[in-house]
Amino acid sequence: MAFIRGAAAAAAAVVASRQLGSVPDLPGSWAYRGCYTEGSSGRTFAVQQPDSQDLTIQSCVNTCIAAGYSVAGLEYASQCFCDNALRNGANKTQDADCNMACSGDASQDCGAGNRLSVYSNTTLTVFKPPIALTEGLPGSWEYYGCVVDAIDNRVLPYMSENQQNATIEACISGCSEFGYNAGGIEYGYQCFCGDSKTVTKGNDADCNIPCPGDPLHLCGGGNLLQYYTWTGAPLTTWTNAQGNAAGRYDFIMSAPLVPLISVVGINEKVVFVEKHGTQVNDNSSGSFEFDPTLAPQYGTAFRELQLKTDVFCSASLVLPDKAGRQINVGGWSAESLYGVRLFTPEPGLGKNGTNQWEEDVTTLALMDARWYPTAMMLSNGSVLIMQGEDGSDGPVVPTAEILPRPAGVTQSLHLDYLANVEKINSYPFLAILPSGNIFFAQYNEARLISQTDFSTVKMLPKMPGAVNNPESGRNYPLQGTMSLMPQSAPYTDPLTVLICGGTTDGANFGLDNCITMQPEAANPHWTIERMPSTRVVTCMVNLPDGRVLILNGAYNGRAGFGLATNPNKGAVLYDPSKPVGARMSQLASSTIARLYHSEAVLMNDGRVLVSGSDPQDMINPEEYRLEYFSPDYILSGAAKPTFTITNKDWAYGATVSFTLTSTLRGAVKVSLIAAVGSTHGNNMGQRTIFPAFSCNGSACSVTAPPNARVSPPAWYQMFVLDGPTPSHAVWVRIGGDPAGIGNWPDLPGFTAPGV
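Below or above, wherever it landed, is the structure these notes cover. (Residues numbered from 1 in each chain as written. Predicted model: local features only at pLDDT ≥ 70, side-chain atom pairs only at ≥ 80, totals over all residues. Heavy atoms only, no water.)

## Here we look at the state of the cysteines
And step 1. Scanning the entire structure with this criterion turns up 10 disulfides.
And step 2. Paired by a disulfide, Cys35 and Cys98 hold their sulfur atoms 2.0 Å apart. Of note, the bridge from Cys35 to Cys98 carries an S-S torsion of about 85° and is right-handed in sense. With a gap of 63 residues between them, Cys35 in strand 1 (residues 31-37) and Cys98 in the loop between strand 5 (92-93) and strand 6 (101-102) connect regions that are remote in the sequence. Comparing Cys35 with Cys98, the two get one shared label, buried.
And step 3. One disulfide in the model links Cys171 with Cys191; its S-S distance is 2.1 Å. One disulfide, between Cys171 and Cys191, carries an S-S torsion of 85° and so falls in the right-handed class. Placement of the pair is Cys171 in helix 3 (residues 168-177) and Cys191 in strand 12 (residues 190-194), with a sequence separation of 20 residues. Per residue, the accessibility class of Cys171 equals that of Cys191, and both read buried.
And step 4. As a non-bridged cysteine, Cys313 has Cys539 as the owner of its nearest cysteine sulfur, 13 Å distant.
And step 5. Here Cys539 stays free of any disulfide, with the sulfur of Cys500 as its closest cysteine sulfur at 12 Å. (Disulfide = S-S within 2.5 Å. Helix = DSSP H or I, 4+ residues; strand = E, 2+ residues; numbered from the N terminus. Buried < 20%, exposed > 50% of the residue type's maximum accessible area, 1.4 Å probe, protein only.)

Pasting the structure below:
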């Protein structure tokens, strides 16, 4: 039925000396609501459709319905506007003022100059003219004023846009969440964040654009910023460590290879592997064992280990068998992609061993080709191999498989979630959680997956990236690094994961933050903490005292040859015992650029061995030099505590005796650092545990972790700490070899140590 105006409307039309045009049938409850003026301080509608010479009331209403709006307005005969309310103090006027015939139907009225024929399917809401938001602000934000901005000299550096729903509260809350103490909006929808600075105030009347998500308040103007500052306790505080507190980099010697994987063996020697056959200076078989006690004697400190296939961008892990064998899987191309390689470290520092890598792809191979896979020890003592690519720039391999291969299994397991993040899903982050589930993260996704069939148990909130770009990644090739925060007896607190650095997808601006989460908390959420600088292709090392060393990498770019060229040479210390926002200290800087394919691992003496860098960027060299980073506890001059222990093979929950052989002056603590295979920002096997212990004089006992969920079977560096000073570590095995991996593989050419 056509809309018929009543007598009152007709009388108004008579007073206006013009008969109203016709109103057609409209969908549902849509009806004519009157003629309105444009707002007193801006447009009445936020969204304008393209002008049309065929405009009718029906066409405008239908356009607004299709776009999801509940109010339509017609102006100047050919202009259609949509919104969910009227803005800027629009006033209702006489119907006769809307007297321009529609360009598409002369019998209908489509507003007039600065007059809008308004239609809606609900009661109209008319917002008053907007003002600056000065009250009810989130947190400790306060309004500063209308501030002059310029495209070539931005007041605040980080911009994001929300043309439909921008509000002051959302903008500045996002700024403070990411650790920035200044924020604001200009042009109505451009949110800026950064650190507060001296600014130039403009004319308040010129900040006159309403917020699209809050028509009652202003969101800046043209090159004018509605500017707010945080006035509460500092959001971020960094310490610039000085002297011994800053640590120190020391040159050791040059190596005969550029390592891309580093593994500290249970013999305290380090196994390096490099890309073999694709090296710029191809002068090795692809692997060496480094004996730190023989450095800097080049001829004896390094022993070459023979490889048959190319381990370029493979995965390494220390097995829980009694020999502490190292397994390396995957590779670069052809048969290397299927490679399964095993190395048995021989006891005895100060002398060269004779063992070599054992491999035969014709008898022992992965089910699927894998370049950039992740390996992780499951609670049952077998090895999970997940994801990767089918060779150089090949398709994603969205599968998982187990070693040793379970009886009856003839093919890998396809997992949909591995296929859904194309090309940004290599070297995913994995960790066993105390519940028995697995924490899994790739790109900006995080989830809990089952340890039995690896299906999704629960989706977790997406990982935040940059304050101005949620499309940021944390694993290869947008490479950050994950560490597990220490677990302490009695292991009742949820495990916390820490992920630092990464980069934005596309622009490749390095991220300047770390994020933490307790995945198994009742309401898991990410907490963001700013780092002193941006960092990508980074490394992290868990230290014996529970702190985390962040080092290596670039300010911007991404993983890959020639893709991250500006080195970030300064180390950062993350101390989880301090309050959020005050956990990071800027430490000493290296003189060496450590970019793509650089690594860092914890040595048994508490120092960190830093190696590699293979950027191939024509700017920074392939890096053969090795360094130690000595944390403050090494440089303090304090005597290292010493101890002896006989039982180095611990059952879960067992109480194990050890003896202090030095006089301790501070608070005693025991820490356990799991063996890792470090590559591409992925510390495979990592875990830090502070177990229960007690001492009566020099006689002490330590209680092993309770189960394989808190501590999957693994070898651990056992440290005793005297206050902040760690001892030299002793390797202990926790959880045994429940999968009997020591009897595998039973094949010619392989040496199994037994169980």
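## Some points on helix 2 (residues 57-66)
And step 1. Along helix 2, the positions that sit buried rather than exposed are Ile57, Cys60, Val61 and Cys64. Viewed end-on, helix 2 has its buried residues packed into an arc of 95°, placing them on one side of the element.
And step 2. Buried residues in helix 2 make contact with strand 3 (71-75), strand 4 (79-83), strand 6, strand 7 (105-109) and strand 8 (115-120).
And step 3. Following helix 2 by one or two positions, Gly68 adopts a phi angle in the positive range, close to 90°. (Arc of directions from axis to C-beta. Contact = heavy atoms within 4.5 Å.)

## As for the packing of aromatic side chains
And step 1. On inspection of all chains with the given rule, the structure shows 24 aromatic pairs.
And step 2. Here the aromatic rings of Tyr249 and Phe629 are separated by 5.0 Å at their centres, their planes lie at 70°, and the arrangement is edge-to-face. Residue Tyr249 is located in strand 17 (residues 248-254), and its partner Phe629 is located in strand 46 (residues 625-630); the two are separated by 380 residues in the primary sequence.
And step 3. Taken together, a centroid distance of 6.2 Å and an interplanar angle of 25° make the contact between Phe272 and Phe290 stacked. Taken together, the positions of Phe272 in strand 19 (residues 270-273) and Phe290 in strand 20 (residues 287-290) put the pair 18 residues apart, joining distant regions of the chain.
And step 4. Relative accessible area serves as the criterion here: at 0%, Phe290 is assigned to the buried category.
And step 5. Its guanidinium or amino end placed over the ring of Tyr628, Arg607 lies 3.8 Å from that ring's centre, counting from NZ or CZ.
And step 6. Against the face of Phe690 rests Lys669, its NZ or CZ located 4.8 Å from the ring centre. (Phe/Tyr/Trp six-rings, centres within 6.5 Å; stacked < 30°, edge-to-face > 60°. Lys NZ or Arg CZ within 6 Å of the ring centre and 35° of its normal.)

## Let's talk about the environment of Glu186
And step 1. Mapped onto the elements, Glu186 comes out in strand 11 (residues 182-186).
And step 2. In this structure Glu186 comes out as buried when scored by relative accessible area, which is 0%.
And step 3. Along the sequence, Glu186 and Leu418 sit 232 residues apart, while their C-alpha atoms lie 40 Å from each other.
And step 4. Once you skip the residues sitting within four places of it in the chain, Glu186 turns out to touch Asp149, Arg154, Phe192, Cys219, Gly220, Gly221, Asn223, Leu224 and Leu225.
And step 5. Within the structure, the side chain of Glu186 is placed 3.4 Å from the side chain of Arg154, a separation counted as a polar contact. (Polar contact = N/O pair within 3.5 Å; in protein donor to acceptor, adjacent residues only side chain to side chain.)

## Remarks on the sheet that holds strand 45 (residues 608-612)
The strands making up a sheet are joined through hydrogen bonds of the backbone, oriented either antiparallel or parallel.
And step 1. The strand order across the open sheet built from 4 strands is 17-46-45-44, with neighbouring strands paired in antiparallel fashion. Across the chains shown, the open sheet's two edge strands, defined by having one partner strand only, are strand 17 and strand 44 (598-602). Across this sheet, the average inter-strand angle for adjacent strands is 25°, counted without regard to direction.
And step 2. One ladder, built from 3 bridges, connects strand 45 with strand 46; its direction is antiparallel. Residue Val610 lies in a different strand from strand 46, and its bridge partner there is Glu627. (Pairing = 2+ DSSP bridges. Axes fitted to C-alpha atoms, helices over the stretch in contact; angles between N-to-C directions.)

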